[in-house]
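Architecture and fold: a report
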Amino acid sequence: MLLLDAPLFVTWFQCVVTVALCFGLSWLGKRFPSYISFPTMTLDQKISREVLPLSIVFVAMIAFNNLCLKYVGVSFYYVGRSLTTVFNVICSYLILGKTTSYRACACCLLIIGGFFLGVDQEDASGSLSVIGVVYGVLASLMVALNAIYTQRSLGVVGDSIWRLTMYNNLNACVLFLPLMLFNKELGEVMYFPHLFSPWFWTLMTISGVFGFMMGYVTGWQIQATSPLTHNISGTAKAAAQTVMAVIWWTEIKTAMWWVSNFVVLFGSALYTYVKGQELKASLPTVTSLPSDRRPLMSTKTSELDDDDDSNIFIIMFVNT
């Protein structure tokens, strides 16, 4: 079996593959413009420096995610990382100056209650890792900060998801190197028995390609809808992941443990509903126009940008 205990190295290689694919597709787009449409990729130190704050937060987010998964089970990972919505609200207020309604804050309190109930049940089962929970909370905070810095960085690259992906992953390739050294992963890689196995590098490359594809789909989803919609799909994915993990590992969980997961999921869904209602109430009343004044093409307003959480983008260019 290919068991390599070097998660940061795997993520670093995924970043390398992503950068290589961006430049490769850019070259193909120039050679075959009729078949491939891809923005031109160039290296600009100024842009790289402006994207650097996002890259630092992104690398921290990936690192804390991996460390959380190292110390907690996949089934508890959902609860351990459930405070993302709460930190979104806090960071939006502290950094962006955006307030949140009392009803939405009440939903956040419900999520926090589910989080502590889950921690209590994990402790009761004897499998609680305090350091794993701390890493999960820090990962949730980094996701919220990543959202804010992503929004600021999109303007730097002309709102191009591909260019932001390239610069973010290029910076991450450098930032991951000292972390791998500090985590003693370079020695782990050097002495890995399958280091020169073609099958190992084939699997690594495939994981990099999937990371590249997930980064684009995530960015496209956020750009086409809103960060709030992305959070909804992320919450649904995490809930499904929890169920599959319990089934896969044939774990036995108490009723209260399942209640904690339901409370977190219900609180997140209720938060989404409340924000959706507030968004609908804030929309101006549109009266029907005479037929000669109506636009020839229908206009669609995506979920608003100033109210709500749409000033927050959460982009995870690598499968975490």
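Just so we're clear, the structure is a prediction, and the values are computed from it rather than from any experiment. (Residues numbered from 1 in each chain as written. Predicted model: local features only at pLDDT ≥ 70, side-chain atom pairs only at ≥ 80, totals over all residues. Heavy atoms only, no water.)

**Regarding the overall build of the chain**
A tally of regular secondary structure across the chain gives eleven helices and zero strands. Beginning at the N terminus, the succession of helices and strands in the chain can be written as α-α-α-α-α-α-α-α-α-α-α. By residue count, 44% of the 320 residues in the chain fall in the buried class. Considering only intrachain contacts with a sequence separation of at least 6, the fraction spanning at least 24 residues in the chain is 85%. By element, 67% of the accessible surface of the chain is carried by carbon and sulfur atoms, the whole surface being about 17,400 Å². (Helix = DSSP H or I, 4+ residues; strand = E, 2+ residues; numbered from the N terminus. Buried < 20%, exposed > 50% of the residue type's maximum accessible area, 1.4 Å probe, protein only. Contact = heavy atoms within 4.5 Å. Areas by Shrake-Rupley, 256 points an atom, 1.4 Å probe, with all protein chains shown as cover.)

**Digging into the packing of aromatic side chains**
Evaluated as defined, the whole model comprises twelve aromatic pairs. A centroid spacing of 5.3 Å and a plane angle of 55° characterise the contact between Phe13 and Trp201, whose relative ring orientation is tilted. Here the residue Phe13 occupies a position in helix α1 (residues 7-31), and Trp201 occupies one in helix α9 (residues 198-224), the gap between them amounting to 188 residues. The exposure class of Phe13 is buried, given its relative accessible area of 13%. Residue class for Trp201 comes out partly exposed when judged on its relative accessible area of 29%. (Phe/Tyr/Trp six-rings, centres within 6.5 Å; stacked < 30°, edge-to-face > 60°.)

**Let's talk about unusual backbone geometry**
Its identity as a non-glycine residue notwithstanding, Asp159 has a phi of 60°, on the positive side. Structurally, Asp159 is set in the loop between α6 (130-154) and α7 (161-182). The backbone phi angle of Lys184 is positive, close to 60°, even though this residue is not glycine. With respect to the secondary-structure elements, Lys184 resides in the loop between α7 and α8 (185-190). Judged by its relative accessible area of 69%, Lys184 falls in the exposed class.

**As for a nonpolar patch on the surface**
On the surface, a cluster of nonpolar side chains totalling about 570 Å² of accessible area is made up of Trp199, Leu203, Ile206, Val209, Phe210 and Met213. Summarising the element assignment, Met213 is placed in helix α9. A relative accessible area of 43% places Met213 in the partly exposed class. (Patch = residues over 30% accessible without salt bridge, like charges linked within 9 Å, V, L, I, M, F, W, Y side chains within 5 Å. Salt bridge = Lys/Arg side-chain N within 4 Å of Asp/Glu carboxyl O.)

**Things to note about the environment of Lys70**
Considering the arrangement of structural elements, one finds Lys70 in helix α2 (residues 45-71). Considering only alpha carbons, one finds Lys70 and Asp5, 65 residues apart in sequence, at a separation of 9.7 Å.

**Concerning α2**
With 27 residues, α2 extends 38 Å from end C-alpha to end C-alpha; this agrees with the ideal 39 Å at 1.5 Å per step. The sharpest bend along α2 reaches about 45° and sits at Leu52, with the proline Pro53 one to four residues further on. For α2, the capping residue at the N-terminal end is Asp44, with a side-chain oxygen 2.8 Å from the backbone nitrogen of Lys46. (Expected span 1.5 Å × (residues − 1). Bend = angle between axes of the 7 residues up to and from the residue. Polar contact = N/O pair within 3.5 Å; in protein donor to acceptor, adjacent residues only side chain to side chain.)

**Considering the nonpolar core**
Note on soluble globular proteins: their nonpolar side chains tend to be buried together. In this structure, Leu4, Phe9, Phe58, Phe76 and Phe176 are the most contacted members of the largest nonpolar core, which totals 54 residues. Each residue touching Phe9, except ones within four places of it in the same chain, is listed here: Leu4, Met180, Glu185, Val189, Trp201 and Met204. (Core = buried A, V, L, I, M, F, W, Y, C linked by side-chain atoms within 4.5 Å.)

**With respect to the packing of helix α5 (residues 102-124) against helix α11 (residues 255-282)**
Taken N-terminus to C-terminus, the directions of α5 and α11 make an angle of 165°; their axes are 8 Å apart at the nearest point. Comparing the axis directions of α5 and α11 gives the class roughly antiparallel. Pair α5 / α11 crosses with left-handed handedness. (Axes fitted to C-alpha atoms, helices over the stretch in contact; angles between N-to-C directions. Parallel < 35°, antiparallel > 145°, perpendicular 65-115°, else oblique. Left-handed = near helix turned anticlockwise from the far one by under 90°.)

**With respect to the confidence of the model for the chain**
On average, residues of the chain carry a pLDDT of 81, and 83% of them reach 70 or more. Segment residues 286-320: pLDDT under 50, and 90 contacts once partners within four positions in sequence are set aside and those in other chains are kept. (pLDDT = per-residue confidence, 0-100.)

**Quick look at the pattern of salt bridges**
All told, the structure shown has three salt bridges when counted by the stated rule. Among the ionic pairs, Glu251 bridges to Lys253, the shortest N-O distance being 3.6 Å.

**Focus on the state of the cysteines**
This structure, assessed with the given rule, holds zero disulfides. Sulfur of Cys108: no disulfide; nearest cysteine sulfur belongs to Cys105 and is 5.9 Å away. Judged by its relative accessible area of 6%, Cys108 falls in the buried class. (Disulfide = S-S within 2.5 Å.)

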